[in-house]
Amino acid sequence: ITILVLDVNDNAPIISIGTDAVEVQEHSAPGTTLAHITVSDVDSGAAGHINDCQTNSHSFLLQQIQQTEYRLMTQMSLDREIQDIYDVDITCSDAGMPPMSSSRTLRVFVRDVNDNSPEFTQAKYSFTVNASASVGSAIGLVQATDPDVGRNAAVDFSL
């Protein structure tokens, strides 16, 4: 007696990224590679064939480089001052009937570059100083801000 066991589509694709988060410098050129993704499915036949992989974001693109390998890339230049963190959902489905799918989320941190100049909070400052004021006396407050972060946002004043 020969018993032939037929495989059914009972396994969803397995998405392997190797990390849960990546960084990209703001204003990197479109097409910058962020992650290498491998997809597998232990089912046999069409049920084990990866049919499609997509992202939920128009800012990122999945490019297939081999049958089960993809590259996650930027689709546009990213500006940290507009958005500094992206959660990119990657969803892959198999060719089984009915198809099964799975998803993974990759967090993308956009690193700051010093691309903004400090700006004064007022266009003009005017102060009056008493002639009898001692050296080192405060005569007014001047403020400026920079939308960059960390060291890139430090503002130094000089006269």
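Definitions and limits used
- Residues numbered from 1 in each chain as written.
- Predicted model: local features only at pLDDT ≥ 70, side-chain atom pairs only at ≥ 80, totals over all residues.
- Heavy atoms only, no water.
- UniProt positions renumbered as here; feature names shortened; annotations may be inferred.
- Phe/Tyr/Trp six-rings, centres within 6.5 Å; stacked < 30°, edge-to-face > 60°.
- Helix = DSSP H or I, 4+ residues; strand = E, 2+ residues; numbered from the N terminus.
- Buried < 20%, exposed > 50% of the residue type's maximum accessible area, 1.4 Å probe, protein only.
- Domains from an automatic or database assignment.
- Contact = heavy atoms within 4.5 Å.
- Buried area = accessible area lost by both parts, 1.4 Å probe.
- Salt bridge = Lys/Arg side-chain N within 4 Å of Asp/Glu carboxyl O.
- Polar contact = N/O pair within 3.5 Å; in protein donor to acceptor, adjacent residues only side chain to side chain.
- Nonpolar A, V, L, I, M, F, W, Y, C, P; charged D, E, K, R; others polar.

- As annotated in an unreviewed UniProt entry, the protein carries the name Cadherin domain-containing protein and comes from Capitella teleta.
- Recorded under Subcellular location (unreviewed entry), the UniProt text for the protein is reproduced unchanged: "Membrane".

### Quick word on the packing of aromatic side chains
And then number 1: Here the structure, examined in full by the defined rule, presents four aromatic pairs.
And then number 2: Ring centres of Phe120 and Phe157 lie 6.3 Å apart, and the angle between their planes is 50 degrees; this geometry places the pair in the tilted category. Of this pair, Phe120 sits in strand E9 (residues 119-120) while Phe157 sits in the segment after strand E10 (144-145), and the two are 37 residues apart along the sequence.
And then number 3: What makes Phe120 exposed here is its relative accessible area of 52%.
And then number 4: Taking the relative accessible area as the measure of exposure, Phe157 reaches 47% and is therefore partly exposed.
And then number 5: When the centroid spacing of 6.3 Å and the interplanar angle of 20 degrees are considered together, the rings of Tyr125 and Phe127 count as stacked.
And then number 6: A relative accessible area of 22% means that Tyr125 is categorised as partly exposed.

### As for the domain arrangement of the protein
Many analyses report the size of an interface as the accessible area lost when the parts associate.
And then number 1: Under the domain assignment used here, the protein contains domain 1 (14-111) and domain 2 (114-158).
And then number 2: On a C-alpha basis, the centres of domain 1 and domain 2 stand 45 Å from each other.
And then number 3: Contacts between domain 1 and domain 2 engage five residues on the former and five residues on the latter.
And then number 4: Summed over both sides, the interface of domain 1 with domain 2 buries roughly 300 Å², with 36% coming from carbon and sulfur.
And then number 5: Of all residues in domain 1, His27, Arg80 and Glu81 give up the largest surface area on contact with domain 2, accounting jointly for 89% of the area buried on that side.
And then number 6: Inspection of the region where domain 1 meets domain 2 yields zero salt bridges.
And then number 7: Remark: the boundary between domain 1 and domain 2 carries three residue pairs in polar contact (both at pLDDT 80 or more).
And then number 8: Here the side of domain 1 that touches domain 2 is built from residues that sort into no nonpolar, one polar and four charged.

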